[in-house]
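# Structural overview
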Amino acid sequence: MKLHVQTKNANSLIILVLGFLFIGIGGFCNYIIGYQKIFPLFYIIPIVFMTWFVGRQIGIFASFISVLVWCWVDNISEYLYSHLFISIFNYIFTLLIYLIIVIFLSSLKNAFNHEKELARIDNLTGAMNSRLFFELLKIEMERLRRYNRPFTLAYFDLDNFKKINDLFGHPIGDEVLKRIVNYSKNNLRKADMIARFGGDEFALLLPETNHESAQIVLTRFQNGLVKELQQRNYPITLSVGVITCTSTKYSADELIKLADDLMLKIKQDGKNSIKYSYTNI
């Protein structure tokens, strides 16, 4: 995740450099060829580019820079308007056009990102969905292969969840699911990830977590979550299957199934427990 942020920042810097360089080239061409040959809308290209890939504030800044470059080129090339008011009107009107484009584009990008986020997040709980979880799991598996970084995968199911819906109704059942995700986010590391796999089944991904650390973290997690739920008179416990990977030839689907099988064994043996295993192949 940290590498992803660094890469994103580096890409944004490259886009900024290219964008302002393009504005400078536009100004230079404007000076060499002349105003009649290059219309000020030429500057929209880098403005659009920087707005979409970097953000609204940069787009607004680029808009002002573009108008200033245009104005400066007019001055040094001694281009004269028939009236001062016309030049001022042109600069202001063009700036407004740029700003409208920036606002429209940034709003469109925000809507696009929102829809993209909804496609990767569980609408009820705010946990990631299984699709996103599988993507991140594959990334951790690649990190394991390349850098020998262990990770732990936990798959858990809520014991007696049906009783909640039967006794209290589905709205309370939904509230319980939300509380589980909130508890996970508040009591695990920021790097740890939780996903809802449908119904009352969840998965946790704990990067750079070995077998010993996983036992400590997940025991504390289970005890704390069960205690919080039972304080609210919700008769819920957790059955958790845990796989710690130090080396693996399995696919992401196979790892999920291994953890799920461990969880099902707990269900068969009486529920409310954690069963651990680890891959070292």
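Preceding this paragraph is the structure being described.
Residues numbered from 1 in each chain as written. Predicted model: local features only at pLDDT ≥ 70, side-chain atom pairs only at ≥ 80, totals over all residues. Heavy atoms only, no water.

### Here we look at the nonpolar core
To keep things clear, this is the line we draw: In this description, a nonpolar core means a group of buried Ala, Val, Leu, Ile, Met, Phe, Trp, Tyr and Cys residues linked to one another through side-chain atoms lying within 4.5 Å. Residue burial is assigned from relative accessible area. The probe radius is 1.4 Å, only protein chains are included, and a residue is buried under 20% of its type maximum, exposed over 50%, and partly exposed in between. Under the scheme used here, helices are H or I runs from DSSP no shorter than 4 residues and strands are E runs no shorter than 2 residues, and both carry numbers assigned from the N terminus.
Phe156, Leu158, Val176 and Leu204 are the most contacted members of the largest nonpolar core, which has 29 residues in total. When contributions to this core are tallied by element, the ones reaching two or more residues are strand S1 (151-159), helix H6 (161-168), helix H7 (170-187), strand S3 (201-207), helix H8 (211-231) and strand S4 (237-247). Among the elements that make up this core, the one with the highest residue count is H8 (seven residues). The next biggest cluster of nonpolar side chains, apart from the first, holds 23 residues, and it includes Met128, Cys245, Leu255 and Met263.

### Structural notes on the environment of Gly224
Here Gly224 is to be found in helix H8. The class of Gly224 is partly exposed, set by a relative accessible area of 22%. Here the alpha-carbon distance between Gly224 and Asn187, two residues 37 residues apart in the chain, equals 9.0 Å.

### Thoughts on the pairing of S1
Quick note on the threshold: Pairs of strands are assigned from DSSP output, requiring at least two bridges between the strands.
Buried residues dominate S1, accounting for nine of its nine residues. Taken together, the seven bridges between S1 and S3 define a ladder with antiparallel strand orientation. Of the residues in S3, the one forming a bridge with Asp157 is Glu201.

### Quick notes on the pattern of salt bridges
Put simply, the rule reads: Think of a salt bridge as a Lys or Arg side-chain nitrogen and an Asp or Glu carboxyl oxygen that are within 4 Å of each other.
Tallying each qualifying case throughout the model produces eleven salt bridges. Across the pair Lys162 and Asp166 runs a salt bridge whose closest N-O atoms are separated by 3.0 Å. Linking Lys162 with Asp166, this pair stays in helix H6, spanning four residues, or about one helical turn. For the pair Lys162 and Asp166, one class covers both residues: exposed. Across the pair Glu175 and Arg179 runs a salt bridge whose closest N-O atoms are separated by 3.7 Å. Note that Glu175 and Arg179 are positioned in helix H7 at a spacing of four residues, about one turn of the helix. Salt bridges sharing common partners tie together Glu140, Arg143, Arg149 and Glu208.

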